[in-house]
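Working through the structure, step by step
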Amino acid sequence: CSIPNCAMVSGILGVMDVTKKVSFSYGYLISFIIIFFPAVAWFWGYTFEGDIGTSVSTALAKIAAFSGTAMFAWSLILSGRFKVFDSLFGGLDKMYGAHRLFASLSMALLLIHPIGLTLSGLSSRGTGALRLWVAFDSFPVILGMISLYGLISFGVWSMTTKVQHETFIRVHRVLGLLFIFGAVHAFLAGSVLESNTVMYWYMLILSVVATMIFIHYSFFADVLHKAYAYKVESVTLLPGDVYDVRLKPKHRIIKFQPGQFVYIKFDRLAIHGYHPFTIASGKRSSQLQFMIKSFGDFTASLNQLKQGDGVSIKGPYGRFLMEDRRYEKHIWIA
């Protein structure tokens, strides 16, 4: 599909396109300000002393630590799937692209932190500086080591292992715990945060918000986003292994714009959790219709659905909308 925002169309396959090229928006501008503020604040107030090699490696270690921690926290906050992010990034698919980008970069930056500390200690301690990588002599350092090696292990695992979506989500939640360990390490072992009140409170607020969102999603089943209650009206298998799924509201009717998508969880298939699909029905219809291609373990199990099965709907999301009035004529090619 060559339409710039056609990522929402991929919802018909039960997937979200986060492999597209990054499209910068207000969301990225705000993200960069939030992420790099502590690093800029540290750099502005730091007095460089000693030889240039030590100064550069120290700056590398500190900037990587603050930027990496802030970026990690922000990626957790983005995972909250709040609708304001949908607007800021021009679509939730683009927000998830940013989430993945920031999560990956934060791992790289947090790895640079101990590398920079090791290089800064070479001039004074020689090869003794390498002991940093196996030092478990204090509680803050132990937390830092758990966070560091946990991130490295997750990165290797995610690049070398192909697992089911549900397994990846469960393991992905471990990252929240690693963030908490790393944040506690930063506050217990970080002399800079002790001496800089602005950075202390900034990093504390950012870390607490990220932790609360992680706990909310991991242990309280996303209670902030109340689900719409629907039930299965019909499930029809069409040629090409496409399921025509129609849902009927139990109480409230979700309001949406054509081109948006929702997250769906079927009670009968609850083990699979929520999955995103584009809405295929018109907004004046009393039913919600979805055209879902059988494309994996979850979509292949849609034939198990029965009329009357309960369904939870969250959303709507997406910015693939006909809001652009600059052009009177359109040509759409599928």
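In the block above lies the structure referred to throughout.
Presented here is an overview of the structure given in this document. (Residues numbered from 1 in each chain as written. Predicted model: local features only at pLDDT ≥ 70, side-chain atom pairs only at ≥ 80, totals over all residues. Heavy atoms only, no water.)

Let's shift gears to the overall build of the protein. A tally of regular secondary structure across the protein gives 10 helices and six strands. Split into buried and exposed, the 334 residues of the protein put 43% on the buried side. (Helix = DSSP H or I, 4+ residues; strand = E, 2+ residues; numbered from the N terminus. Buried < 20%, exposed > 50% of the residue type's maximum accessible area, 1.4 Å probe, protein only.)

A word on the packing of aromatic side chains. Evaluated as defined, the whole model comprises 18 aromatic pairs. When the centroid spacing of 5.3 Å and the interplanar angle of 65° are considered together, the rings of F72 and F179 count as edge-to-face. Of this pair, F72 sits in helix α2 (residues 52-78) while F179 sits in helix α7 (residues 174-189), placing them 107 residues apart in sequence. Both residues of the pair, F72 and F179, belong to the buried class. Taking the centre distance of 5.5 Å and the plane angle of 90° together, the rings of F187 and Y200 count as edge-to-face. Of this pair, F187 sits in helix α7 while Y200 sits in helix α9 (residues 197-219), and the two are 13 residues apart along the sequence. One aromatic cluster is present, built from ring pairs that chain together Y28, F32, F36, F89 and F102. (Phe/Tyr/Trp six-rings, centres within 6.5 Å; stacked < 30°, edge-to-face > 60°.)

Attention shifts here to the pattern of salt bridges. Between side chains of opposite charge, a pair can form when the charged atoms approach closely. Applying the stated criterion across every chain, the model contains three salt bridges. Between R246 and D244 there is a salt bridge whose closest N-O contact spans 3.1 Å. Relative accessible area serves as the criterion here: at 8%, D244 is assigned to the buried category. Here R268 makes a salt bridge to D309, at a shortest N to O gap of 2.6 Å. (Salt bridge = Lys/Arg side-chain N within 4 Å of Asp/Glu carboxyl O.)

With antiparallel pairing, six strands are arranged side by side in an open sheet as β4-β3-β6-β1-β2-β5. Looking at the sheet topology across the chains shown, the edges are occupied by β4 (275-278) and β5 (288-293). The sheet shows a mean angle of 40° between the axes of neighbouring strands, direction not considered. (Pairing = 2+ DSSP bridges. Axes fitted to C-alpha atoms, helices over the stretch in contact; angles between N-to-C directions.)

Most of strand β6 (residues 310-317) is tucked away, with eight of its eight residues classed as buried. Judged from the four bridges that link them, strand β1 (residues 228-238) and β6 form a sheet pairing that is antiparallel. Residue pairing across strands places K231 opposite G310, the latter belonging to β6. With five bridges joining them, strand β3 (residues 261-266) and β6 adopt antiparallel strand pairing. Along β6, the bridge assignment pairs I264 with I313.

A cis geometry characterises the amide bond from G315 onward to P316, with omega recorded as 0°. Tracing the backbone through its elements, the reader meets P316 in strand β6. Positioned with a positive phi, R81 is a non-glycine residue whose angle comes to about 60°. Inspection of the secondary structure puts R81 in the loop between α2 and α3 (83-88). Phi at D241 takes a positive value of approximately 55°, unusual for a residue other than glycine.

It is at 9 Å that the axes of helix α1 (residues 26-45) and α2 come closest, and there the two elements cross at 150°. Taken as axis vectors, α1 and α2 run roughly antiparallel relative to one another. Note on packing geometry: the crossing formed by α1 with α2 is right-handed. Facing α1, whose interface residues are S31, I34, I35, F36, P38, A39, W42 and F43, α2 presents T58, A59, K62, I63, F66, S67, A70, M71 and W74. Grouping the constituent residues of the contact of α1 with α2 by class yields 13 nonpolar, three polar and one charged. (Parallel < 35°, antiparallel > 145°, perpendicular 65-115°, else oblique. Left-handed = near helix turned anticlockwise from the far one by under 90°. Contact = heavy atoms within 4.5 Å. Nonpolar A, V, L, I, M, F, W, Y, C, P; charged D, E, K, R; others polar.)

The values reported here are purely geometric and, on their own, carry no functional implication.
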